[in-house]
Every structure is written in C-alpha cells, then in structure tokens.
Amino acid sequence: MNITVAGVKKEVEDGITVAKLIELENVETPEYVTVTVNDEFVESGSFAETVIKDGDSVEFLYFMGGGR
Amino acid sequence: MAFTNEQLERYSRHIILKEVGAKGQKKLANAKVLIIGAGGLGAPAALYLAAAGVGTIGIADADEVDLSNLQRQVIHATADIGKPKVQSAKETMEAINPDVTVNTYHTFVTSENVLDLIKDYDFILDGTDNFPAKFLINDACVMAKKPFSHAGIIRFKGQLMTYVPGQGPCYRCVFKNPPPKDAVPTCKQAGVIGAMGGVIGSLQAMEAVKYIVGAGDLLTGYLLTFDALKMEWRKVKLPSDTHNCAVCGDHPTITELIDYEQAECTDH
C-alpha cells in the first residue's frame with residue numbers, strides 16, 4: 001500500500017503499525033517522538049497497536065531543546 | 001505621538017509596506033515583547049525587534065557572556081565576555097535603535113517568577129535551551145493567555161511554532177511532557193551550527209512583528225521545521241483537537257506551574 005511519511009510518498013507492507021514504521025524509518029529517540037496520522041495524534045502508548053491504512057499521511061515530530 | 005522625520009526615515013521600508021504602514025509602525029512602537037534567553041535564538045530576535053522599533057523589549061537571562069557563545073550569539077561581542085548577557089544585549093539594542101526601551105531581567109525563569117515576568121508583555125519569545133524552561137514558558141503563557149513563539153535548534157536543524165490563546169495547539173499538546181534528563185541531546189552535547197540561531201530566531205522575531213501589526217498568517221496550528229543539510233523546509237500541520245491537553249484543554253490537569261529538573265546546556 002502507499003502512504004506518505006513526512007511528506008514523502010512510500011510503499012509499505014499492508015497492515016504496518018506505527019511502531020514498525022518508526023523502526024523502518026530509523027526514527028531518532030523513538031521513545032520520545034510525537035506521531036500524527038492524518039493530522040491526529042497517536043497516543044504514545046499505542047504505537048504497537050496502531051495500524052496504518054492505505055493513503056494515510058504520517059508525521060514524526062521531534063523534541064528540539066537547544067536555543068542558546 | 002507622531003513620528004519625527006528621523007523616525008519616518010528609519011522605518012521607511014516598513015511604512016511603505018501595505019501590511020505595516022504608519023499604523024503598523026505605531027503598533028510596533030507601542031508593543032512590548034519579552035525575549036526569554038539572550039542566546040542563539042534570542043540574540044538575532046532581539047536585534048531584529050530593536051531594529052524594527054518595538055517600543056519595549058524585555059530580555060531575561062541569568063548568564064554571563066562566555067567565549068563559546070560568540071560562534072552564534074551575535075548580539076554579544078568579544079569585549080562583552082564576562083558581562084551579564086542581558087546587559088550586553090541591552091547595550092547592543094540601544095546602540096541600534098535609541099527609540100527602544102530595554103528592560104533586563106538577570107535571572108533564571110522559574111515557576112516563582114515567570115507569571116510576573118510575562119504579565120506586562122504582549123508577546124513572548126522562547127529562546128531557552130532546555131525542556132524544563134520550554135514547558136514552563138508554554139504553561140505560563142497558556143495560563144496567562146499570552147501569545148508566544150516556541151523554537152528549538154540543534155545540529156543543523158531547527159523548528160518553531162506559534163501559540164495564540166484559543167487559536168490552536170500549545171507546545172504541550174504536541175509534546176506531552178519533557179523527556180527525561182539526558183534522554184534527548186542538548187546543544188552542548190550535540191552542537192549547533194551558528195547560523196541556525198539566525199534563521200530560526202529571526203523567524204521568531206518575524207512572528208512577533210506579524211502578530212503585533214496583524215499581518216498575514218501566524219504559525220498557529222503548524223510546526224515549521226528546517227533541515228539545513230538538506231536545505232529543506234516543512235510546514236507540518238498539527239492536530240487541531242486541543243480538548244484533551246493537560247494544560248490548554250477543556251479540563252486541564254496542570255493548573256500550577258512545574259519546575260522540572262534542569263538539564264540545560266552548561267556552556268549556554
């Protein structure tokens with residue numbers, strides 16, 4: 001199936017979970033990433049159970065703590 | 001108060017813009033903006049806000065200028081090493097534009113003083129370098145109903161978002177709680193390219209100016225991210241559902257400010 005990850009169209013296996021996608025995408029600090037699917041938050045405790053569907057758009061939002 | 005000829009000339013490139021005009025320039029002159037952190041983000045933001053003629057600029061920072069700051073904190077000079085950052089920043093801002101009144105707060109921002117610090121200001125810029133401060137500023141601005149610009153920079157990346165009360169998600173909607181100390185690298189551990197502060201801090205000043213004059217669309221409901229190595233910008237739409245947020249939601253569970261354990265960059 002085809003999904004969009006951080007604005008880029010990708011082909012992934014059907015039934016992929018958010019947790020699996022985090023692994024595939026080599027997300028930095030995966031424990032602390034915020035995930036949205038189709039502009040809705042995915043609860044951080046439910047990445048393993050959240051299944052991504054064909055046509056979904058996934059975003060990873062990262063903590064960025066620097067500034068001085 | 002009418003502008004002098006000198007002021008009309010100083011601000012001529014603003015006044016000619018239909019989105020600003022003499023009316024917008026007056027709004028800037030009457031505006032009060034607080035910058036928390038006189039460092040990588042706060043330095044360029046302060047320079048542009050002073051140059052723009054923002055009438056009152058507050059600047060809060062507890063530290064002194066250090067040699068390792070000068071790679072990016074462009075408001076400070078070599079001769080300022082050892083001087084309180086707020087003092088150095090004030091001197092530079094006043095040298096750029098004598099129209100500006102600069103209030104300095106030589107202190108860390110804590111749950112004890114943050115509400116008092118922000119109460120007289122129209123817009124707040126978060127230029128801090130640690131999560132406890134970023135969450136504190138967010139929560140205080142939500143509670144006091146103050147608009148603010150959040151930003152973060154690390155390595156070759158930066159991001160920012162704007163919160164305006166009642167107009168979309170706050171920082172805590174997106175990032176529920178600070179990461180544990182040392183779980184996410186700080187700029188001292190990871191480094192930061194100097195010009196990144198200029199890129200993102202200038203955009204924070206841009207948001208403050210747009211908010212004050214009422215021009216265009218703010219970064220409310222969006223996180224703007226920049227990757228300098230790929231030269232790639234992304235404006236990521238944030239969920240609009242803020243009902244469940246612990247601080248800005250319908251039934252907030254955070255009703256008092258929290259001082260999380262500090263894990264700031266010790267080299268500033």
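Shown above is the structure to which this text applies.
Model, not experiment: these values are computed from the prediction. (Residues numbered from 1 in each chain as written. Chains lettered and ligands numbered in written order. Predicted model: local features only at pLDDT ≥ 70, side-chain atom pairs only at ≥ 80, totals over all residues.)

Bringing the packing of helix H4 (residues 42–51) of chain B against helix H10 (residues 194–213) of chain B into the picture now. All names here are of chain B. Direction vectors running N to C along H4 and H10 enclose 45°, while the axes themselves pass 7 Å from each other. In terms of orientation, H4 lies oblique with respect to H10. Classified by chirality, the crossing of H10 by H4 is right-handed. Contacts from Gly-42, Ala-43, Pro-44, Ala-45, Tyr-48 and Leu-49 in H4 reach Gly-197, Gly-198, Gly-201, Ser-202, Gln-204, Ala-205 and Ala-208 in H10. Residue composition of the contact of H4 with H10, by class: seven nonpolar, six polar and no charged. (Axes fitted to C-alpha atoms, helices over the stretch in contact; angles between N-to-C directions. Helix = DSSP H or I, 4+ residues; strand = E, 2+ residues; numbered from the N terminus. Parallel < 35°, antiparallel > 145°, perpendicular 65-115°, else oblique. Left-handed = near helix turned anticlockwise from the far one by under 90°. Contact = placed C-beta atoms within 7 Å. Nonpolar A, V, L, I, M, F, W, Y, C, P; charged D, E, K, R; others polar.)

Right, let's get into the interface of chain B and chain A. Of the residues lining the interface, 31 residues belong to chain B; the matching set on chain A comes to 16 residues. Within the residue set of the side of chain B that touches chain A, elements represented by two or more residues are helix H7 (131–143), strand S5 (148–154), strand S6 (157–163) and strand S8 (232–237) of chain B. Ranked by residues supplied to the side of chain B that touches chain A, first place goes to S5 of chain B with four residues. Partitioned by chemical class, the residues of the side of chain B that touches chain A number 16 nonpolar, 10 polar and five charged.

Our next topic: H7 of chain B. For the α-helix, the turn length of 3.6 residues means that residues three or four positions removed from each other point alike. Residue and element names in this part refer to chain B. The end-to-end C-alpha distance of H7, which contains 13 residues, comes to 18 Å, matching closely the 18 Å that a straight helix rising 1.5 Å per residue would cover. Buried residues dominate H7, accounting for 12 of its 13 residues. In the core, the buried residues of H7 are packed alongside strand S1 (32–36), helix H6 (114–118), strand S4 (123–126), S5, S6 and helix H8 (171–174). One or two steps after H7, the chain reaches Lys-145, where phi turns positive at roughly 55°. (Expected span 1.5 Å × (residues − 1). Buried ≥ 20, exposed ≤ 12 C-beta atoms within 10 Å, placed from the backbone.)

Moving on to helix H5 (residues 85–96) of chain B. Residues and elements named next belong to chain B. The terminal C-alpha atoms of H5 lie 17 Å apart, and with 12 residues this matches the ideal 16 Å at 1.5 Å per residue to within 8%. Taken residue by residue, H5 has Lys-85, Val-86, Ser-88, Ala-89, Lys-90, Thr-92 and Met-93 as its buried positions. The inward-facing, buried residues of H5 abut H4, strand S2 (56–60) and strand S3 (101–105).

With that settled, consider the sheet that holds S3 of chain B. All names here are of chain B. Taking strand neighbours across the sheet as the criterion, the eight strands line up as S3-S2-S1-S4-S5-S6-S7-S8 in an open arrangement whose pairing is mixed. What marks the edges here is a single partner per strand, and that holds for S3 and S8. Direction aside, the axes of adjacent strands within the sheet are offset by 15° on average. Bridge count between S2 and S3: five bridges; the pairing is parallel. Bridge pairing in S3 places Ile-59 opposite Thr-104. Running at roughly 165° to S2, H4 makes contact with S1, S2 and S4 of the sheet. (Pairing = 2+ DSSP bridges.)

A separate point is the pairing of S8 of chain B. Residue and element names in this part refer to chain B. Counted residue by residue, S8 has zero buried out of six residues, so it is predominantly exposed. Sheet topology places strand S7 (residues 222–227) next to S8; six bridges connect them, and they run antiparallel. The residue of S8 that forms the bridge with Phe-226 is Trp-233. What sits between the antiparallel neighbours S7 and S8 is a turn of four residues, in which Met-231 has the positive phi angle 50°.

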